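Below are the chains, spelled out letter by letter.
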Amino acid sequence: MNRYPNKGERCAVIILLMVASGNLLAALNFQVRIFSVGEGNVVPPNESFPIRYEVTADSDSDHYYYVDGSLKKTRSNSSTGSLAGEFSVTYPGGFSQGDRKTIAVCLDHQGAQVCDEVSVRAGAVLQLDQAVELHTVGTNNHVPAGQTFDIVYDVLNPTSSSHYYYVNGDLAATQSKGSDKGGEFSITYPWGLAVGETTHVEICVDTNTAQACGSKLITGGPAPAGGDVPDPFDSTVMGDHFVTYGSCDPVCGYYENIYYGDSSVSWLPTVGPDSEPNGLRMDVYYPTADGRVHSGSERNTLVIYAHSANHNKETLLGPKKGTLEAYLGIEGGGAGGVTVAALDFRHPAKDLDDNLYPVSRDDMSHAVQFFRYYADIFKINPDDIFVTGSSLGAGVGIHAAVKEIANPEDPSPIRQASSRIRGAFLATGQSSFSPQWFRSNFLEEEIWPYYLPDFHPDEERSIYGHAVANVDEHAPILELGYEGDFIDHKVTASEKSNKEVDTTHLPNFGLTIQNQYRLHGIGDRIMVRESYGGSFGGDSTRFIERNRLSGD
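All residue numbers refer to positions counted from 1 along the written sequence of the respective chain. At least 70 in pLDDT is required for a residue's local features to be given in this predicted model, at least 80 for side-chain atom pairs to be given and counted, and no such filter applies to totals for whole chains, interfaces and linings, which use all residues. As a rule here, side-chain values come from all non-hydrogen atoms in the structure, and water together with hydrogens is ignored.

**A few points about the state of the cysteines**
Short version of the rule: Throughout, a disulfide means two cysteine sulfur atoms within 2.5 Å of one another. A simple rule labels every residue: compare its accessible area, found with a 1.4 Å probe on the protein chains alone, to the largest value its type can have, and call it buried under 20%, exposed over 50%, or partly exposed in between.
All chains considered together, the criterion is met by 3 disulfides. Two residues share a disulfide in this structure: C106 and C115, whose sulfurs sit 2.1 Å from each other. Its S-S torsion of about 110° marks the bond between C106 and C115 as right-handed, since a negative value means left-handed. With relative accessibility at 12%, the residue C115 sits in the buried group. Between the sulfur atoms of C248 and its disulfide partner C252 the distance amounts to 2.1 Å. The chirality of the disulfide connecting C248 with C252 is right-handed, given an S-S dihedral of about 120°. Accessibility expressed as a relative area gives 24% for C252, which makes it partly exposed. Cysteine pairing in the chain follows 1-2, 3-4, 5-6, where each cysteine in a disulfide is numbered by its order in the sequence.

**Some remarks on the packing of helix α5 (residues 321-328) against helix α13 (residues 536-547)**
The line we're drawing: For helices, the axis comes from a line fit to the C-alpha atoms of the stretch in contact; other axes are also lines fit to C-alpha atoms, and the angle between any two N-to-C directions lies between 0 and 180 degrees. Counting from the N terminus, the helices are the DSSP runs of H or I reaching at least four residues and the strands are the DSSP runs of E reaching at least two. Put simply, angles under 35 degrees are roughly parallel, angles over 145 are roughly antiparallel, angles from 65 to 115 are roughly perpendicular, and the rest are oblique. By the definition used in this description, the sense in which the near helix is turned from the far one sets the handedness, with an anticlockwise turn below a right angle giving left-handed and a clockwise turn giving right-handed. Whether two residues are in contact is decided by their heavy atoms: any pair within 4.5 Å suffices. Each residue gets one of three labels, nonpolar for Ala, Val, Leu, Ile, Met, Phe, Trp, Tyr, Cys and Pro, charged for Asp, Glu, Lys and Arg, and polar for the others, Gly among them.
It is at 9 Å that the axes of α5 and α13 come closest, and there the two elements cross at 20°. On the basis of the axis angle, α5 is roughly parallel to α13. For the pair α5 and α13, the sense of crossing is right-handed. Of α13, the residues touching α5 (which contributes T323, A326 and Y327) are F536, G537, S540, T541 and I544. Considering only residue class, the contact of α5 with α13 consists of 4 nonpolar, 4 polar and no charged.

Pasting the structure below:
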């Protein structure tokens, strides 16, 4: 045994063996999963580092460790034990600056090796020096009138600084929080607000150069009702949307143009082919032979696919039809498998009103609410919803993944439903559309005036969307991949003008989310990868297989 199979070989070998023996499901239930190593799988040069991993089922196998395809170490089952659980092995001595190695952990299972692998690079990454992030207050930053309310906030890195609380620009309180302490904190706003009254709260800590601050504009009274709620929906309406797809490649039929939001608004382009608004619509695909919703009571996993910019929901019938086919084939297809929805949605930083404010940051979350409320009609498990996508779709997906927008007071029961999801696999997504936040953290100051100069000042970071602030202990399983490498310094004017760094898809966006996961003690739920060049369809399919709740 001198090399482990590559990803394609492993999948082919395992699938052939398991199908032949009727144990494909057993193979999927037995998994090896490596947790994130270092900072986004980047480690300090020439230093030993731990590799933590999980084995999901009991096994009598030895544990095999490979580096760039060569077996480097074997730990006997007598030393690791046969029970499922978490394990750790140390990579001794590290490796040189800039070197990248693929590390794999494998166990024997039913005649094959089941493995996971991770690409690790030695180097440095640019991290936020310090950050203060205020969580959403109340419901969409609206609080009951005349009542005190709590403000929950995160301080990213441990600090001995006091915490400074400003209200409408004036210092209202200073509190000591102990030496070298970071994490989640809360403070009570004691005065209450009248209906319609607003207050601007800013919380800061000292840094070596200035202060790191986060802020929120909070309003008294109930949050506004949803203005983009779709018309009532039932199985008859659903049936009216079914179309036959003649080629049966990749499907024989599907449900087309179901409105999950207001039918009178438009996403880009601004109008449909008939010069009328094309609405907030989706197509829904089932893994049944004819593409219709199954007749039994089984609940499917739901995967919502979010297309990239300059594409649309029909992408799943064109260049991404292999991805659609892979999703529908999970667990052999059919009832208990996976239902797929493809959406059209608005751009949170480009679809703007006359005052240059975004018309919607939450289209994806509204789709989740729609499916959760109508879960019985769609026959999906409302607690087993995933989002996948790339570029624009990934940015929108990150925000939907970590943001709860349920409004218990909304007259629409759809908008009362939770927007939480089970997990997301996303490629090259922005964790914040806030230009002010991005400028100050990732760009040299000389180019600040030239980066999105027409955008509104957004010190609250919520105008265009700021997923970083919404991570809490309920955040879902998340895997983020970026094509480039993490930068280790702020982007210079030359790098920006010569397009040496892709600031739109900067991999460091992913690290800011990973840091928040770790701050809340859920770092094992996230993986961020630089230099991602894998198969999006194949990798996202395996992500769903590993983490879904539905099925047997």
